[in-house]
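Below are the chains, spelled out letter by letter.
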Amino acid sequence: MKHPDIASLALLAGGELPFWTRWRAERHVRTCPECQKEVEAFRRRRDWFRDAAGELPAGLNWSRLEAEMRANIQLGLEAGECVGAARPRRIRLSWRVAAALASIAVVIVGGWWLHLPHPRTEARGGAVLEATAEGIELKEPHGALTLFHSAATPVVVSASAQGAMAARFVDEETGLVTVNNVYVE
């Protein structure tokens, strides 16, 4: 069974606990000798302070002291609110948000990498298909085939995972569109 905290036992001894909390604490204290001793010690201290208060000077204005204490407490609470409002709040990300952002970053980087042109494709049997400055070149162990294009024209080269490569360009002098497709099996 869980023991009530020390503050609850002190409030129980003074009769200042709310109804449900008092009911639970009293139920526990009835069966726990340890907590009974604590409550009894608090009651003895309370009685001692009550007796000691009788020895204080009779001319004290308790209402005025209480009002001053309440005002000081209220002032401290308001000052704490002012200081708390002036502090900048730090933004904290939960682990779920961080995981979602990391996943999005992985997808973006993966998509970017997959869409990069891969100009060199090696097919089975030792044949190599390569995009060079002169054109598309198919190299085999016993020879090579090159499809040339003009070096001055911009060329779009694409390669596929199936061993194909394509080059597309427009001849600036004639306006002709040339498409070279090479498949290696």
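Because the structure is a prediction, the values reported are computed rather than measured.

Thoughts on the pattern of salt bridges
On inspection of all chains with the given rule, the structure shows four salt bridges. Here R46 makes a salt bridge to D47, at a shortest N to O gap of 3.8 Å. Since its relative accessible area comes to 32%, R46 is described here as partly exposed. D47 gets classed as partly exposed once you look at its relative accessible area, which sits at 35%. R64 is the salt-bridge partner of E68, the closest N and O atoms lying 3.1 Å from each other. With E68 and R64 both in helix α4 (residues 62-86) and four residues apart, this pair spans about one turn of that helix.

Regarding the sheet that holds strand β7 (residues 177-183)
The three strands lie next to each other as β5-β6-β7, forming an open sheet whose pairing is antiparallel. Two strands close off the open sheet at either side, each with one partner strand: β5 (155-159) and β7. Taken pair by pair, the neighbouring strands of this sheet meet at an average axis angle of 10 degrees, ignoring direction. Here strand β6 (residues 164-170) pairs with β7 via seven bridges, running antiparallel. Bridge assignment links R168 to a residue of β7, and that residue is V179.

What counts and how
Residues numbered from 1 in each chain as written. Predicted model: local features only at pLDDT ≥ 70, side-chain atom pairs only at ≥ 80, totals over all residues. Heavy atoms only, no water. Salt bridge = Lys/Arg side-chain N within 4 Å of Asp/Glu carboxyl O. Buried < 20%, exposed > 50% of the residue type's maximum accessible area, 1.4 Å probe, protein only. Helix = DSSP H or I, 4+ residues; strand = E, 2+ residues; numbered from the N terminus. Pairing = 2+ DSSP bridges. Axes fitted to C-alpha atoms, helices over the stretch in contact; angles between N-to-C directions.

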